[in-house]
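# What the coordinates show
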Amino acid sequence: MNLPSTIDETVELLARGAYVADRSLATVIFLALKMGRPLLLEGEAGVGKTEIAKVLAEALGRRLIRLQCYEGLDTAAAVYEWNYQAQMIEIRLAEAEGVEDRTELGKDVFSERFLIRRPILQALEPTVEGPPVLLIDELDRTDEPFEAYLLEVLSDFQVTVPEIGTIKAAEPPIVIVTSNRTREIHDALKRRCLFHWVDYPDAERELAILKLKAPKTPEKLSRDIVAFVQALRSLDLYKSPGIAETIDWAEALTALDAVALDKELVNDTLGALLKYQDDIARVAGSEAARLLEEIRVAARAAD
Amino acid sequence: MGRLAENIVHFARVLRRAGLPVGPRQVLDAVEAVEAAGIGARADFYWTLHATLVKRRDQHHIFDQAFHVFWRDPKLLDRMMALMLPELKTPPGAPREEQSRRLAEALFGDAKPREAAEPELEIDRSETFSAEELLQTKDFEQMSVAELAEAKAAIARLRLTHDEARIRRTRPAARGPMIDMRATLRASLRAGGVIPLKRRTFRRRRPPLVVLCDISGSMSAYSRVFLHFLHALTNDRDRVHVFLFGTRLTNVTRELRHRDVDEALARVAARVEDWDGGTRIGETLRRFNIDWARRVLGQGATVLLVTDGLDRDAGEGLGPEIARLHRRARRLIWLNPLLRYERFEPKSLGIRALLPHVDEFRPVHNIASLTALIEALSQAPARMPERKAA
């Protein structure tokens, strides 16, 4: 599958992967693909940042390599590691055979045969279907040293293994970096990336997403759900519901055979939407009733 | 392309003057991106430049306004498009929005020096309960050479309790709990025969420190000392975030990072608007919990809360917010400078709401100098309730 050559083609490509992207996101994805630059996506949890990488890999027919970041992530888990057990056995065997030359033995055990490739190294390797999509997920969870290491990888697409030398990608992978912004990503890294803030979708787009992702939900209920979630996001909640939560909620309500929202239904299922007790306590009851009434009035005005 | 590139360079210059750090590399990127995308619809042109020139969410606002002002002249855009492509859709008229002051200054060159303010703050300013709050700026006496020397010496003596945490990175250590396979293998290659085990242990690091400092009227006597302390602290260690609050919450981390203490304090003074007014602890903590907690309390931060606990809202809404802050923070230290008596009785509602939720309570009887303040923080804590299991 070739890379899209216009923004319109990018929109189509994402649509084929069942991803409803707005024009701004499609533009930045198109540029990242065209210019061969890493794409840094920031946004609240549950707005579909990770999904973009998955959809891109799927739609382009490329392999998806995912590196989930966590505190203390190091090169042994992210880039490469030596297979120590195999190396030990190799040394023992050599000693049993009476090999005397230790320098030669050293060269032998530190060869590619004993190298375990972790996601970043895997992403630099040539593949038949074209360069893979490398997803570096939740970069904000790692620490600054790892970020600094990524700088080399993301600017030159090469990795240095002291015992072997520098491994450089023939064709750079498509790199998607996501961050939930639990801390600020360093400027040096940002400069190497194209940046996009993934926002909550507007009502129209959210409805389109819901139709794709929860197709069993009745039409009227979908519209109620989207209106309610959009209204929730305008409240000052600790954690506004993301698209993932909207889909969960739609599925929960559909499973309950609901056809329209009412107060009891909302109160019973609010846990699918809000993940903090304080938020639930604030919305459940009168606030939910108020929002429902607002939606009803707005819907009547629209008809 | 020449004309377009020129215009993009000019646009980048406008952004830079409006406070967006747009470097030459980004300008080159922008030109390359526009070449790649071609000039079609105005929205596409907008997002193409946006993708390359904006690197943080809070820069979006400035970019948006600058774009609409700079590329407002449709003839300009038309002429440029004519250079690019033979036929084009006409761009829709740009919405005329109110320009921010920074942008106006950048475009039209105001003689006044521009503020180093962030757009987030401007949103803060629009919240108005000025009828109740006392808005005023503050002048700080310059720091003397002796005071500077004292500050440096004092901050070096600062020892917070539990100020180092084990992190998940390791270093070589003779008696560490983990085996360093790589080093072991290397050693065994050299030696042969018996494998000499090499070990590693966890590194330790000072966790991020978040300071929430009360600057209301009842605290005004101490604000100079506190700001000197906060400046020294910010420049002494990494990952420090400083927020000041009275009736509103202001993030002054960036201002305090300025090396020169007088310059830093002047910037803080200009930035904060609610000096020496009332205190709304509950409300400001709520703003912190919603807007900042997720961003600055990651990675096991210690929170240092500096307040006398005297709350204009009489502790209203304070309980749940301090409880939430306590759950988020690895450690919550409360430094209370009001206490003038040895026997402290929590009578004020604010104080009573705060007390059950702090890990460490540090009453200070007299803060005359930075040294006294740092001693108060470095002593063995007066009372250290066991941290409840979460």
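Calculation rules
Residues numbered from 1 in each chain as written. Chains lettered and ligands numbered in written order. Predicted model: local features only at pLDDT ≥ 70, side-chain atom pairs only at ≥ 80, totals over all residues. Helix = DSSP H or I, 4+ residues; strand = E, 2+ residues; numbered from the N terminus. Buried ≥ 20, exposed ≤ 12 C-beta atoms within 10 Å, placed from the backbone. Contact = placed C-beta atoms within 7 Å. Rg over C-alpha atoms; globule rule 2.2 N^0.38 Å. Nonpolar A, V, L, I, M, F, W, Y, C, P; charged D, E, K, R; others polar. Axes fitted to C-alpha atoms, helices over the stretch in contact; angles between N-to-C directions. Parallel < 35°, antiparallel > 145°, perpendicular 65-115°, else oblique. Left-handed = near helix turned anticlockwise from the far one by under 90°. Expected span 1.5 Å × (residues − 1). Pairing = 2+ DSSP bridges. Core = buried A, V, L, I, M, F, W, Y, C linked by C-beta atoms within 7 Å. pLDDT = per-residue confidence, 0-100.

Counting secondary structure elements, chain B contains 16 helices and nine strands. Counting every position in chain B, which comprises 390 residues, the buried fraction comes to 37%. In chain B, once contacts between residues fewer than 6 apart in sequence are set aside, the share between residues at least 24 apart is 76%.

What follows deals with the overall build of chain A. Summing up its helical and strand segments, chain A has 15 helices and nine strands in all. In terms of C-alpha radius of gyration, chain A reaches 25 Å, well past the compact-globule figure of 19 Å for 303 residues. Here the C-alpha coordinates of chain A stretch approximately 90 × 45 × 35 Å along the principal axes. Out of the 303 residues in chain A, the part that is buried amounts to 38%.

What follows concerns the interface of chain B and chain A. Taken together, the contacts link 34 residues of chain B with 34 residues of chain A. For the side of chain B that touches chain A, the secondary structure elements donating two or more residues are helix H2 (24-37), helix H3 (42-53), strand S1 (165-172), helix H9 (181-191), helix H13 (281-296) and helix H14 (318-328) of chain B. Residue composition of the side of chain B that touches chain A, grouped by class: 13 nonpolar, nine polar and twelve charged.

Once that is clear, we can look at the packing of helix H10 (residues 203-213) of chain A against helix H11 (residues 219-234) of chain A. Residue and element names in this part refer to chain A. Interaxial distance between H10 and H11 falls to 10 Å at its minimum, and their mutual angle equals 135°. Here H10 is positioned oblique relative to H11, judged by the angle of their axes. Relative to H11, H10 is oriented so that their crossing is right-handed. The segment H10 lies against H11, with Ala203, Glu206, Leu207, Leu210 and Lys211 engaging Ser222, Arg223, Ile225, Val226, Ala227 and Gln230. Among the residues making up the contact of H10 with H11, the classes are represented as six nonpolar, two polar and three charged.

Working note: α-helix, 3.6 residues per turn, so residues spaced by three or four point in the same direction. When the terminal C-alpha atoms of H2(B) are compared, their 20 Å separation across 14 residues agrees well with the 20 Å that a helix rising 1.5 Å per residue should span. At its buried positions, H2(B) is contacted by helix H1 (7-16) and helix H2 (23-35) of chain A together with helix H1 (2-17) and H3 of chain B. After H2(B) finishes, the residue Gly38(B) shows a positive phi value of roughly 75°.

With that settled, the discussion passes to unusual backbone geometry. Residue and element names in this part refer to chain A. Look at glutamate 138: it is not a glycine, yet its phi comes out positive at around 55°. With respect to the helices and strands, the residue glutamate 138 is situated in the loop between strand S5 (133-137) and helix H8 (144-156). At aspartate 257, a position not held by glycine, the phi torsion is positive, near 60°. With respect to the helices, strands and loops of the structure, aspartate 257 is situated in the loop between helix H12 (243-255) and helix H13 (263-269).

The pairing of strands in a sheet happens through backbone hydrogen bonds and is either parallel or antiparallel. Residue and element names in this part refer to chain B. If you walk across this open sheet you meet the six strands as S6-S5-S4-S7-S8-S9, and the pairing is mixed. What marks the edges here is a single partner per strand, and that holds for strand S6 (249-251) and strand S9 (360-363). With direction set aside, neighbouring strand axes in the sheet form an average angle of 20°. Looking at chain direction, strand S7 (residues 302-306) and strand S8 (residues 331-336) are connected through five bridges and run parallel. Residue pairing for S8: threonine 302 is matched across the bridge by arginine 331. The strands touched by helix H10 (residues 223-236) within the sheet are strand S4 (209-214), strand S5 (240-245) and S7, with S5 carrying the most contacts at an inclination of about 160°.

Here we come to the nonpolar core. Formed by 106 residues in total, the largest nonpolar core has its most connected members in Val28(A), Leu39(A), Leu56(A), Ile176(A), Leu194(A), Leu15(B) and Ala30(B). When sequence neighbours within four positions are dropped, the list of residues in contact with Leu39(A) reads Val28(A), Ile29(A), Ala32(A), Val175(A), Ile176(A), Val177(A), Cys193(A), Leu194(A) and His196(A). Residues Phe229(B), Leu265(B), Val303(B) and Leu305(B) belong to the second largest nonpolar core, which totals 55 residues.

Attention now goes to the pairing of strand S6 (residues 158-161) of chain A. Residue and element names in this part refer to chain A. Pairing of S6 with strand S7 (residues 165-168), which is carried by four bridges, proceeds in the antiparallel orientation. Each residue of the ladder has a partner; that of valine 161, found in S7, is glycine 165. Following S6, the chain reverses through three residues before pairing antiparallel with S7.

Residue and element names in this part refer to chain A. The side-chain alternation of strand S1 (residues 39-42) yields two buried faces, one formed by Leu39 and Leu41 and the other by Leu40 and Glu42. Across four bridges, S1 lies against strand S8 (residues 174-179) in parallel orientation. Across the sheet, residue leucine 39 finds its bridge partner in S8, namely isoleucine 176. When S1 meets strand S9 (residues 194-197), the two strands line up parallel, connected through four bridges. Paired with leucine 40 across the strands is phenylalanine 195, a residue of S9.

Residue and element names in this part refer to chain A. Its place among the elements puts leucine 13 in helix H1. Placed 196 residues apart in sequence, leucine 13 and isoleucine 209 show a C-alpha to C-alpha distance of 15 Å. Every residue in contact with leucine 13, bar those within four places of it in the chain, is listed here: Pro4 and Ala59.

What follows covers the confidence of the model for chain B. Residues and elements named next belong to chain B. Here chain B averages 77 in pLDDT, while 75% of its residues score no lower than 70. Confidence, read as mean pLDDT per element, is least for helix H7 (residues 119-126) in chain B (34) and greatest for S5 (94). In the model, residues 85-99 has pLDDT below 50 throughout and makes 18 contacts with residues more than four positions away in sequence or in other chains. This model gives residues 384-390 a pLDDT under 50, and the stretch forms four contacts once residues within four places in sequence are excluded. The ipTM value of the predicted complex is 0.82, and its pTM value is 0.82.

Now for the packing of H10(A) against H12(A). Residues and elements named next belong to chain A. Two numbers describe how H10 lies on H12: the axes approach to 10 Å, and their chain directions differ by 50°. With respect to H12, the axis of H10 lies oblique. The crossing of H10 and H12 is right-handed. Residue-level inspection shows Glu206, Ile209, Leu210 and Lys213 of H10 in contact with H12, the latter providing Ile243, Thr246, Ile247 and Ala250. A per-class count over the contact of H10 with H12 returns five nonpolar, one polar and two charged.

On to the sheet that holds S9(A), then. Residues and elements named next belong to chain A. Judged by pairing direction, the sheet is parallel, and its five strands sit side by side in the order S2-S5-S8-S1-S9 without closing on themselves. The strands lining the two open edges of the sheet, one partner per strand, are strand S2 (64-68) and S9. Within the sheet, the average angular offset between the axes of one strand and its neighbour, ignoring direction, is 20°. Strands in contact with H2 are S1, S8 and S9; relative to S9, the strand with the most contacts, it is inclined by about 160°.

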